[in-house]
Structures are given as structure tokens and as C-alpha cells.
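A look at the structure
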Amino acid sequence: MNAEALHHSTGERRPEIPVSALAEDDRQIARKLKQRDRNALLGYGLSVFVVVVIMEMAVFHFHMAERFGIAPVLARGVIYLLLTTALWAALLRTNRRLVSKMMSDKQASYESVLLAYDKALGLKDAYSGGHGRRVALYAHGLASAMGLSHAEANTIREAALLHDIGKIGIPDAILTKPGELTVAELHTIRQHPAMGAGIIQAIPLLSHLAPAVRHHHEHFDGGGYPVGLQGHAIPLAARVIAVADALDALGSDRSYRKSMPLDAAVTEIVKASGKQFDPEIVGVLADKFILTAMKNTSIDNPSTRNDGRQ
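Here we summarise the structure given alongside this text. (Residues numbered from 1 in each chain as written. Predicted model: local features only at pLDDT ≥ 70, side-chain atom pairs only at ≥ 80, totals over all residues. Heavy atoms only, no water.)

The next subject is the packing of helix α6 (residues 150–161) against helix α11 (residues 236–250). Contact geometry for α6 and α11: axes closest at 10 Å, N-to-C directions at 60°. Considered as vectors, α6 and α11 are oriented oblique to each other. Crossing geometry of α6 relative to α11 is assigned as right-handed. In contact with Ile156, Ala159 and Ala160 of α6, α11 contributes Ala237, Val240 and Ile241. Here the contact of α6 with α11 is built from residues that sort into six nonpolar, no polar and no charged. (Axes fitted to C-alpha atoms, helices over the stretch in contact; angles between N-to-C directions. Helix = DSSP H or I, 4+ residues; strand = E, 2+ residues; numbered from the N terminus. Parallel < 35°, antiparallel > 145°, perpendicular 65-115°, else oblique. Left-handed = near helix turned anticlockwise from the far one by under 90°. Contact = heavy atoms within 4.5 Å. Nonpolar A, V, L, I, M, F, W, Y, C, P; charged D, E, K, R; others polar.)

Below is the structure:
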């Protein structure tokens, strides 16, 4: 099921996934690069014009053609033209290399920031660190299968990687407690989406991810938290992450239950379709192609992880 069919069937006009500030910077760089190329071409044209003028002056005002013959003059003109062309070609090539390296370095730095946050959470709770990377993988696979653009799928992946970052603010005694939580403890741990969104919102480079982080525990029927949003009022990125989050949680060992196979986890998610999860996204998950792709993807084995809280 592609994105067009997905949203046509629900009548929903799919909101755009906020693209990262890094991607916006890249577009600005691309625009500046095009402008610089135009300026370079203009400079090249002016250089050619100057060469022609010099040739005309040489031929008609200094009578070089009569003195030396026309062939040497043309040869010099061709040499001037080739030198000018080579100069501007070298400048354009150098400029593109510098811009390409700058964009590559920015992307690497951005990814390092995301992974640093994930590792920080992993130091507090080993399960949560690996959980974030696995949810990011599943969420990206779902987004791609839905037909979302590369930029949108990548934004969802980034938000999924950080979706539990708010657990940094949850006491260890609650986060790693074996067995069920008390009502008070459950209330505390349910603060982590808002805490995470607050952390992300304070970082300009990551602030576009805050809505997905804040609402990834909302339920499609309105029974989730922290706000109780319902249906398509829940950001699309958050709805995708909710399904990916549950998929990994069900496939991971907990102190109160064993992990289940991936196909069994999908069956459980299908049972909650329309209640906890967006039925259209669940339909994409249940599709044999995406399920097979996820099974064959190399990731950390969740069954070897310690207990944690979804």
C-alpha cells in the first residue's frame, strides 16, 4: 500500500513531516551553489568577451595580422580561450568539492549528536539504548513502505531514535523495577514523552522532532497519553513510531514475560489496530513484504536485552 492509497482510503490529507534543520540548511547550500555557478558562468562569459575584445584590438588596431599573419593571432586566441575555460572549470570543481565535503561533515556531526543522546540513555538503562536504535530501524522501514519521501522517512527515523530520551529524567528505581508498577510509579513514567519533548525542543537543530517524541504514546482511539489525542490529530511520525515501538517491546525480554517471535508480535499489534494503533499503518506492517524485510534486517537481538519500560 503506497502513501497515496493510504491517505486516500482515510480521506486524510497527509501533513508534511517536518524536515530537519540540517536538510533545510542543505537546501540553502544547494541554492547558494546554483547561484555561485550562475555567477561563475557569467564570469566565464565576460572572460570570453574580454578575450574577443583583446583579439579584435590586436588584429585591427595593432595590425598584428598583417605583421605576423592571421594564424598566430587565431592560435593565441584559442590558447586564451582554453586557459580561461580551464580556469573556470577548476574553480567550479573546487567549489563543488568544498560544498560537498561541508554537507557531508554536517551530516556526520548531526548523526553523532543523535547517537550521543541514545548512548546517554543507554548508560542509564541498557535496554532503552538498544531499544531506540531498533525502533528507529523499524520506523524507517515502515515510513519507506508507506511511500513517504526519503527526507520524511529519515526524520521519522531520527525522532524514533530519540523517542525515549525523556526517560533520562525517570528515577532508576522505577525505570528498572522488576514486575508491575504502582499507580504512582506509572504516573511518573508516563511523564517521559513530555520530558523528552522538552529536551528536544530546547535544541534548535532537533526541535522539529519534538511533536513526534511528545505524542508517541497517544492511542488512535484517544486513550493514550500525555494529551489524549485521537486519530489523525496525532502526528503521523508519532503514529509510525508507536507501531515500531510496540513491535520492538513485544519482541524483547522483560522481567514479567518472555519475548515473542516477530510474527507473533505483529499479530498482537493487529489485534490493537484501530484502538491503540493507526489501522492503516498496521496494515502496512502486516504486509508480507515489509515484515520479511524487517526479519532479514541485521539489528541487535532484542531478546538479549535487559528489562526496561516501553
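Now that the structure has been shown, we can carry on.
Below, the discussion takes up the environment of Pro226. Looking at the element boundaries, Pro226 is found in the loop between α10 (210–214) and α11. By relative accessible area, Pro226 is classed as partly exposed at 38%. For the pair Pro226 and Arg190, spaced 36 residues apart in sequence, the C-alpha to C-alpha distance is 7.1 Å. In this structure, Pro226 is in contact with Pro193, Arg214 and Glu218, ignoring residues within four places of it in sequence. (Buried < 20%, exposed > 50% of the residue type's maximum accessible area, 1.4 Å probe, protein only.)

Moving on to the packing of α11 against helix α12 (residues 262–271). Packing of α11 against α12 leaves a shortest axis separation of 9 Å and a crossing angle of 130°. Here α11 is positioned oblique relative to α12, judged by the angle of their axes. Every pair of crossing elements has a handedness; the one defined by α11 and α12 is right-handed. Contacts from Val243, Ala246, Leu247 and Leu250 of α11 reach α12 at Leu262, Ala265, Val266, Glu268 and Ile269. Among the residues making up the contact of α11 with α12, the classes are represented as eight nonpolar, no polar and one charged.

Everything listed is a geometric property; what it means functionally is a separate question.
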